[in-house]
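What follows is the residue order along each chain.
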Amino acid sequence: MLTPWQRLMVGGLAASLLTVAGVAGYMLIEGFGFFDAVYQTVTTITTAGFGEVEPLSTEGRAFTLALIIAGIVIILYVLTGVMQIAVEGELENLLGTRRARGRMKRLSNHHILCGFGRVGEEIAREFVSRNAPFVVVETNPEAIERARRKRYLVLVGDATLDPVLREAGAERAACLLAASDSDANNTFIVLAARALNPGLFVVARAAFPESEPRMLRAGAERVFSPYTIAGQQMALSALHPVVVEFIDTLATRRKGAPILAEIDVSEVSDLAGRTIHDVLHRFPSVVVLGRENAAGGLRVGPPSDTELRLGDRVIVMGQEEELEAIRPRTSPAPAR
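In this text, all values refer to a predicted model and were calculated from it rather than measured experimentally.

Rules used in this analysis
Residues numbered from 1 in each chain as written. Predicted model: local features only at pLDDT ≥ 70, side-chain atom pairs only at ≥ 80, totals over all residues. Heavy atoms only, no water. Core = buried A, V, L, I, M, F, W, Y, C linked by side-chain atoms within 4.5 Å. Buried < 20%, exposed > 50% of the residue type's maximum accessible area, 1.4 Å probe, protein only. Helix = DSSP H or I, 4+ residues; strand = E, 2+ residues; numbered from the N terminus. Contact = heavy atoms within 4.5 Å. Arc of directions from axis to C-beta. Axes fitted to C-alpha atoms, helices over the stretch in contact; angles between N-to-C directions. Parallel < 35°, antiparallel > 145°, perpendicular 65-115°, else oblique. Left-handed = near helix turned anticlockwise from the far one by under 90°. Nonpolar A, V, L, I, M, F, W, Y, C, P; charged D, E, K, R; others polar. Phe/Tyr/Trp six-rings, centres within 6.5 Å; stacked < 30°, edge-to-face > 60°.

What about the nonpolar core?
Reasoning step 1: I112, C114, V135, V137, L165 and L176 are the most contacted members of the largest nonpolar core, which totals 30 residues.
Reasoning step 2: Of all the secondary structure elements, the ones that give two or more residues to this core are α3 (58–106), β1 (111–114), β2 (134–138), α6 (162–167), β4 (175–178), α7 (183–196), β5 (201–205) and α8 (211–218).
Reasoning step 3: By residue number, the principal contributor to this core is α7, which donates five residues.
Reasoning step 4: Filtering out sequence-adjacent residues up to four positions away, I112 remains in contact with V135, V137, A168, G169, A170, A173, C175, L176 and L177.
Reasoning step 5: In terms of nonpolar packing, the next biggest core, distinct from the first, is built from 18 residues, A143, A147, V154 and A179 among them.

Pasting the structure below:
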């Protein structure tokens, strides 16, 4: 069975062949010149009805009737293909929107990415590389089209509005990233997200340094400025190039390189009450970089005899296979 686009191609080819046959027929049957034959053929096939170039013979009239019938059939064939494309396109958009909403309703512990500019696109690429579920919330048609071409889950709407954030699953999400190009919008997004879900981890992008304290007061746990980070990275590259290479290796997850991860000490992890040495002595590639307790206090490079307690979060570096073995029920979450 032909697709609608294939039907259009077939219809266009049939119309071209019919035009050539009509011109040749009028030149042979009625002795018309080339231009007169073209004019007569086109007006006949399209049923424009401007009249005959010259009175037709009986054979010419029979030929004209055949051209009219063939032209109508081809036109109807092409029109049905056009209608099918239009209807199927609308249905695809409608069904695609419904499927996306269904997927959003099933999501939990996911990430909500508000804004799909240059920064947002890079964030999405990282999420994909780490198999982290996320939803893109955007209003810009061009950005929406780019996200859909990459087959990302997209919600069209203003992320500063509560109904939009609810539809994106803010009340079930693990993290929200306010990454639009406007500092004012990002501040409002942070306020709206914090009001909907006080326990949501919120990260914001700030283009200007003076926006950072406002976003922190609005409820953002972390605020990042792409320009500040770029400047720091360039200075660090000049002063300590090996350190930058080390960080880039971890961040880009090159093949065979260790990864950064967070391990939560929960009731299902079977880690509470054990020391760091007890947990990690069987995994030589794993290194503990830090431990955050339930109160939010962070200790960098904790000693191996540190006892893990419920609510702790351990930041580790190692091979992914060994990190997964530490928590066999769940995969390690990428470090924030």
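Structural notes on α8
In an α-helix there are 3.6 residues to a turn, and that puts residues three or four apart on one side.
Reasoning step 1: Of all the positions in α8, only S211, M215 and A218 are classed as buried. All buried residues of α8 fall inside an arc of 60° around its axis, so they share one side.
Reasoning step 2: On its buried face, α8 sits against α7, β5 and β6 (222–224).
Reasoning step 3: G219, located one to two residues past α8, shows a positive phi value of around 125°.

Quick look at the packing of α7 against α8
Reasoning step 1: Contact geometry of α7 with α8 gives a least axis separation of 8 Å together with a crossing angle of 15°. Here α8 runs roughly parallel to α7, going by the angle between their axes. Relative to α8, α7 is oriented so that their crossing is right-handed. Of the residues in α8, those in contact with D183, N186, T187, V190, L191 and R194 of α7 are S211, R214, M215 and A218.
Reasoning step 2: Residues belonging to the contact of α7 with α8 are distributed by class as follows: four nonpolar, three polar and three charged.

A look at the packing of aromatic side chains
Reasoning step 1: This structure, assessed with the given rule, holds five aromatic pairs.
Reasoning step 2: Plain terms: the ring middles of F116 and Y152 are 5.8 Å apart, the flat faces sit at 75° to each other, and that makes the pair edge-to-face. One end of the pair, F116, is in the loop between β1 and α4 (118–129); the other, Y152, is in the loop between α5 (141–149) and β3 (154–156), and 36 residues separate them in sequence.
Reasoning step 3: Residue classification places F116 among the buried residues on the basis of a relative accessible area of 0%.

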